[in-house]
Amino acid sequence: MSDHPVETSDLVAVRRAKLADLRASAYDPFAQNWDPSHSSAEAIHAFEEAAVAEGEVGPGVSCAGRITAIRRMGKASFARILDRAGTLQIYFRRDDIGEAAYEIFKKSLDLGDFVGVEGPLFRTKAGEITLRAETFKIVSKALRPLPEKWHGLQDDDQIYRQRYLDLISNPESREVFRKRSAIISCIRRHLDSEGFMEVETPILQAEAGGAAARPFTTFFNALDCPFYLRIALELYLKRLLVGGFDRVYEIGRNFRNEGLSRRHNPEFTMLEVYQAYSDFRGMMKLIRSMVQRICNEVLQTEVITRFDGEQINLGGEWREVRYKDLVVEYTDVPDWFSRSRDEKLLWCDQHDIQVDPAAEDFEVTNAVFEKRIEPTLIQPTFVTYLPKELIPLAKISLDDPSTVEVFELCINGQEIAPAYSEQNDPQVQREQLERQAGEEIQKIDEDFLLALEHGMPPAGGMGVGIDRLVILLTGVASIRDVIFFPSLKPLSR
């Protein structure tokens, strides 16, 4: 059954009656196809390029789109169509399209219908480039009305459940998703130009590894065993480093059976990239050059503006600061990392930072970082050398064995991209994974460790949350605004 019961409102009934009348007259309002020669933007460009003299008609074009406005008059009327490139005004005149077609236009055409039109372009007295229809056809009849014209679709739940209505009525939403597509295309161009190869790895996995997260579980009938939707791309991409592909990346969906929030969706898009013979500093150069290329090619600016008006400058060099220095600076406790867990818990309690009393020592410190420090990192900042307990897949720092060679790129108060000098010592890797498995009650991917024992070159690796990056670069408020169809609880049936 559908989540949305069939409506019997007057508006829907009127549209169904129009459909019945059209079919009774042998007019099929659901055409097999229509072959547009131009999009709306291309048509406007063609007229401008033709340098048409005032009062003259321009080139003939064929266009198609959804009717978003109609202004009916006597023997002539105007309408507006929406297509992938924008909108175009259409001029309908009975003498141009014929009596029968004009009657269909007057009596049967509704807002939301898809039409095909063909004819010459001209400029109206008001100065708008317009298509004068000589051929007109309803190619798909809309049986339900569109959202109210002037205010668009404003109910958040309806926006996310019926994204198609949001895209029809809200140009700002369409632009966000156009930019998302352009951002991902730019990422691919950048990595391809740097010699990386795009690959695909399994979504269904026997062991959900590469991160500490709760997986979605399914059952593989043909193999008679449980499988998991992947929580990370990492471990299979590293197998490819073992196999001799020195530069690889994947853009794909990850799935984590955890909470929903303004910044989290259980199904999300990640970029992971691995470069042999590099390290976390090589990844610094890569992410900075990639983001700056996106800014210049997609946004045409390296300065973006937050919702509160504060500007974020993504150009030039980016700040680099050690994790421990940030914690000491914020807490104003010089010997913080020498203090006991209980002393740290007491400090958190005194400063209204909620921490699980059973949390490990490193988790207490990380709660201070995530809840109080990270939200203040608005300008691009590489937070480096994190505690080794947080990241078991990275190399131990040579100058501080309690930390690992990593960075978290924080912009606009949230993590955008973590990167590591990847651990390639199989014995150390096993020890770190066994410790994490004991804490998280999860299995170890023995096949990955077997691959590592065959030798993996030193490498830098990085993950970029595509959804968060798009949030940053488009200035929207929530992850739901950059995912076409975010996860929602089904309506009751």
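Rules and cut-offs
- Residues numbered from 1 in each chain as written.
- Predicted model: local features only at pLDDT ≥ 70, side-chain atom pairs only at ≥ 80, totals over all residues.
- Heavy atoms only, no water.
- Pairing = 2+ DSSP bridges.
- Helix = DSSP H or I, 4+ residues; strand = E, 2+ residues; numbered from the N terminus.
- Contact = heavy atoms within 4.5 Å.
- Axes fitted to C-alpha atoms, helices over the stretch in contact; angles between N-to-C directions.
- Core = buried A, V, L, I, M, F, W, Y, C linked by side-chain atoms within 4.5 Å.
- Buried < 20%, exposed > 50% of the residue type's maximum accessible area, 1.4 Å probe, protein only.
- Expected span 1.5 Å × (residues − 1).
- Polar contact = N/O pair within 3.5 Å; in protein donor to acceptor, adjacent residues only side chain to side chain.
- Phe/Tyr/Trp six-rings, centres within 6.5 Å; stacked < 30°, edge-to-face > 60°.
- Lys NZ or Arg CZ within 6 Å of the ring centre and 35° of its normal.

### Some thoughts on the sheet that holds strand E15 (residues 319-322)
Then, in step 1: Taken in spatial order, the eight strands line up as E7-E11-E12-E19-E18-E17-E16-E15 in an open sheet, and their pairing is mixed. Edge positions in the sheet fall to strand E7 (197-198) and E15, since each has one partner strand and no second.
Then, in step 2: Note: E7 against strand E11 (residues 247-255), two bridges, orientation parallel. Within the sheet, the bridge partner assigned to glutamate 198 lies in E11 and is tyrosine 249.
Then, in step 3: Seen against the sheet, helix H10 (residues 323-331) touches E15, strand E16 (381-387) and strand E17 (403-411) and runs at an angle of roughly 75 degrees to E15.
Then, in step 4: Contacts from helix H15 (residues 466-474) reach strand E12 (267-276), E17, strand E18 (414-421) and strand E19 (459-465) within the one sheet, and its direction differs from that of E19 by about 60 degrees.

### Section: the nonpolar core
Then, in step 1: Ile187, Ile287, Phe407, Met462, Leu469 and Leu473 are the most contacted members of the largest nonpolar core, which totals 46 residues.
Then, in step 2: Of all the elements, helix H9 (residues 280-299) adds the most residues to this core, at eleven residues.
Then, in step 3: Methionine 462 has contacts with Leu271, Glu272, Val273, Met283, Leu286, Ile287, Phe407, Ala417, Pro418 and Ala419, leaving out every residue within four places of it along the chain.
Then, in step 4: Counting 45 residues, the second largest nonpolar core, distinct from the first, contains Met270, Tyr274, Val321 and Val333.

### Topic: helix H1 (residues 10-24)
Given 3.6 residues to a turn, an α-helix orients residues that are three or four positions apart in the same direction.
Then, in step 1: With 15 residues, H1 should reach 21 Å at 1.5 Å per residue; the first-to-last C-alpha distance of 21 Å fits that figure.
Then, in step 2: Residues of H1 that are buried in the fold lie against helix H4 (99-108) and strand E6 (135-140).
Then, in step 3: Just downstream of H1, alanine 26 is the residue with a positive phi angle, here 70 degrees.

### Quick look at the side chain of serine 478
Then, in step 1: Locating serine 478 in the fold gives a position in the segment after H15.
Then, in step 2: A polar contact is formed between the side chain of serine 478 and the backbone nitrogen of arginine 480, at a distance of 3.1 Å.
Then, in step 3: Sequence-distant contacts of serine 478, that is, excluding residues within four places in its chain, are made with Arg262 and Ile471.

### What to know about the packing of aromatic side chains
Then, in step 1: Counting across every chain of the model gives 15 aromatic pairs.
Then, in step 2: Judged by centre distance (4.1 Å) and plane angle (10 degrees), the rings of phenylalanine 177 and phenylalanine 484 are stacked. Residue phenylalanine 177 is found in helix H7 (residues 171-193), and its partner phenylalanine 484 is found in the segment after H15; the two are separated by 307 residues along the sequence.
Then, in step 3: Taking the centre distance of 6.3 Å and the plane angle of 75 degrees together, the rings of tyrosine 330 and tryptophan 347 count as edge-to-face. Of the two residues, tyrosine 330 is situated in helix H10 and tryptophan 347 in helix H11 (residues 341-350); the sequence distance between them amounts to 17 residues.
Then, in step 4: Overall, the relative accessible area of 8% leaves tryptophan 347 in the buried class.
Then, in step 5: An aromatic cluster is built from Phe92, Tyr102, Phe105 and Phe136, whose rings are joined through pairwise contacts.
Then, in step 6: Taking NZ or CZ as reference, arginine 322 lies 4.0 Å from the ring centre of tyrosine 385, over its face.
Then, in step 7: Positioned above the aromatic ring of phenylalanine 337, the side-chain terminus of lysine 324 is 5.2 Å from the ring centre.

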